[in-house]
Amino acid sequence: MDWRDYYLREVRPGMELPLAQKYPHVSLVGGDGFRPLGECALLMLVALTGTGKSTALDRLRARLGGAGMDVIPTRRELADWIAIPMAQALADEPIEQVRDRARRFACTRRFAEQAPGGLAAAFSWLWLADSCDGLLFSEGIRGRNEIRYALDHFPRWQIVELTLPPLTRLRRLSERREDFDRAGGTADLTFLPRQLRREAAALVKAGEITAAALAIVEAEAANYGFTPFADGAAYPNYHRVDVEERSPEEVAEAIIRIIEGRAERGERGRNAKDRSD
């Protein structure tokens, strides 16, 4: 089935989307003067929750003057506008906003089970005005399946994955106070690798890791896995940047090196670990 056609025919007509107002250079239907986003030069910054992708994008915005940013919708917006309502329609459920992170993960997982590539495919359903030139930026894909789909189908996209050890990521997420970080239910530690559970339990007892952070990361791991993309060495447009010992400015500099083609081999591939020059 052509899932893009299904969405446009069965789901989109009943929704009011602010696409034209927020993103005047983007279309869902294309036409003269537009080209598929999959054919455009795009840097996809990939990272699991709490890794620091939003901070990295902020630093890139400051360094690059915002060029190529805020041109296309965010992942959250495409989840709200495409993935979640389509998942609800396929399950014969009412189309409504979903705020709980675990429920959102369940909907996007259901969407990906039907539409190969998940949100990576949903991004490729967009069309960009020919008047937009230069590199675009997004943080729109997650997990090995979406990464592989993007790498296999869109060679003009550069995939830059930021990585951070799991417990550091959980501690950062526990310190955040974002309204979006909501998750119901409870989470234990069994989803973590066995060698991390004792240390994680101590951090939970000390109040450094919250139940909400555990619930979010557990639900996210069910969708997108828990480890970096393993097959990056096979793709020249995949890069990995380890952010644990880097300041946000250093992370931004590493990404700029990739954009400019100055990245060392260590910033790319299966066992890459990016380090400061």
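Residues numbered from 1 in each chain as written. Predicted model: local features only at pLDDT ≥ 70, side-chain atom pairs only at ≥ 80, totals over all residues. Heavy atoms only, no water.

This part takes up the pattern of salt bridges. If the charged atoms of two oppositely charged side chains come close together, the side chains can form a pair. Tallied over the full model, the rule gives 14 salt bridges. When the shortest N-O distance is used, the salt bridge between E253 and R63 registers 2.8 Å. Residue E253 is located in helix α11 (residues 248-259), and its partner R63 is located in helix α3 (residues 53-64); the two are separated by 190 residues in the primary sequence. A relative accessible area of 24% places E253 in the partly exposed class. Put simply, D5, R9 and E10 are held in one network by salt bridges that share partners. (Salt bridge = Lys/Arg side-chain N within 4 Å of Asp/Glu carboxyl O. Helix = DSSP H or I, 4+ residues; strand = E, 2+ residues; numbered from the N terminus. Buried < 20%, exposed > 50% of the residue type's maximum accessible area, 1.4 Å probe, protein only.)

Further remarks concern the sheet that holds strand β7 (residues 238-242). Reading across the sheet, the four strands line up as β5-β3-β6-β7 and stay open at both edges, with parallel pairing between neighbours. Edge strands, defined here as strands with exactly one partner in the open sheet, are β5 (136-138) and β7. Direction aside, neighbouring strands of the sheet carry axes that sit 20 degrees apart on average. Sheet topology places strand β6 (residues 157-163) next to β7; five bridges connect them, and they run parallel. Across the sheet, T163 pairs through a bridge with D242, a residue of β7. Seen against the sheet, helix α7 (residues 143-153) touches β3 (42-46), β6 and β7 and runs at an angle of roughly 155 degrees to β6. Relative to β6, α11 is tilted by about 155 degrees, and along the sheet it contacts β3, β5, β6 and β7. (Pairing = 2+ DSSP bridges. Axes fitted to C-alpha atoms, helices over the stretch in contact; angles between N-to-C directions. Contact = heavy atoms within 4.5 Å.)

Judged by pairing direction, the sheet is antiparallel, and its three strands sit side by side in the order β1-β4-β2 without closing on themselves. Only two strands of the sheet have a single partner each, and these edge strands are β1 (26-27) and β2 (34-36). Two strands pair when backbone bridges link them, and β2 and strand β4 (residues 127-129) are joined in this way by three bridges, in the antiparallel orientation. Note that in β4 the partner of P36 across the bridge is W127.

A volume near 920 Å³ is recorded for the largest pocket. Per-class residue counts for the lining of the largest pocket are 17 nonpolar, ten polar and 15 charged. By volume, the second largest pocket is sized at about 340 Å³. Elements that contribute at least two residues to the lining of the second largest pocket include exactly β6, α8 (166-175) and β7. Here the lining of the second largest pocket is built from residues that sort into twelve nonpolar, four polar and six charged. (1 Å grid on protein atoms, 1.4 Å probe; cavity = no way out; pocket = protein on both sides within 12 Å on 5 of 7 lines; lining within 4 Å. Points joined across faces, edges and corners; volume = space filled by probe spheres on them. Nonpolar A, V, L, I, M, F, W, Y, C, P; charged D, E, K, R; others polar.)

Moving on to unusual backbone geometry. Non-glycine residue D70 carries a positive phi angle of around 65 degrees. By relative accessible area, D70 is classed as exposed at 53%. Even without being glycine, D92 reaches a positive phi, approximately 60 degrees. The class of D92 is exposed, set by a relative accessible area of 73%.

With 50 residues, the main nonpolar core has Y7, L37, I72, I82, F111, W157 and I159 as its most contacted residues. Residue assignment for this core shows that the elements contributing at least two residues are α1 (3-11), β3, α4 (75-90), α5 (101-114), α6 (118-124), α7 and β6. Sort the elements by how many residues they give to this core and α4 lands first, with eight residues. Excluding anything up to four places from it in sequence, L37 contacts L42, I72, F123, L126, W127, L136 and W157. (Core = buried A, V, L, I, M, F, W, Y, C linked by side-chain atoms within 4.5 Å.)

Within a regular strand, the side chains alternate between the two sheet faces. Counted residue by residue, β7 has five buried out of five residues, so it is predominantly covered. Both faces of β7 are covered, namely the face carrying Y238, R240 and D242 and the face carrying H239 and V241.

Here the focus is the packing of aromatic side chains. Given two aromatic rings, one states the distance between the centres and the angle between the planes to describe the pair. This model, assessed by the stated rule, comprises ten aromatic pairs. Between Y23 and W81 the ring centres are 6.3 Å apart and the planes differ by 65 degrees, which places this aromatic pair in the edge-to-face class. On the criterion of sequence distance, the pair formed by Y23 in the loop between α2 (19-22) and β1 and W81 in helix α4 is long-range, its members being 58 residues apart. For W81, a relative accessible area of 10% puts it in the buried group. Judged by centre distance (6.0 Å) and plane angle (85 degrees), the ring pair of F191 and F226 falls under edge-to-face. In this pair, F191 sits in the loop between α8 and α9 (194-205) while F226 sits in the loop between α10 (211-224) and β7, placing the two residues 35 residues apart along the sequence. Looking at F226, the relative accessible area reads 16%, which means it is buried. Every member of this aromatic cluster is reached through a ring pair, and the members are Y7, F111 and W125. Against the face of F226 rests R169, its NZ or CZ located 5.8 Å from the ring centre. (Phe/Tyr/Trp six-rings, centres within 6.5 Å; stacked < 30°, edge-to-face > 60°. Lys NZ or Arg CZ within 6 Å of the ring centre and 35° of its normal.)

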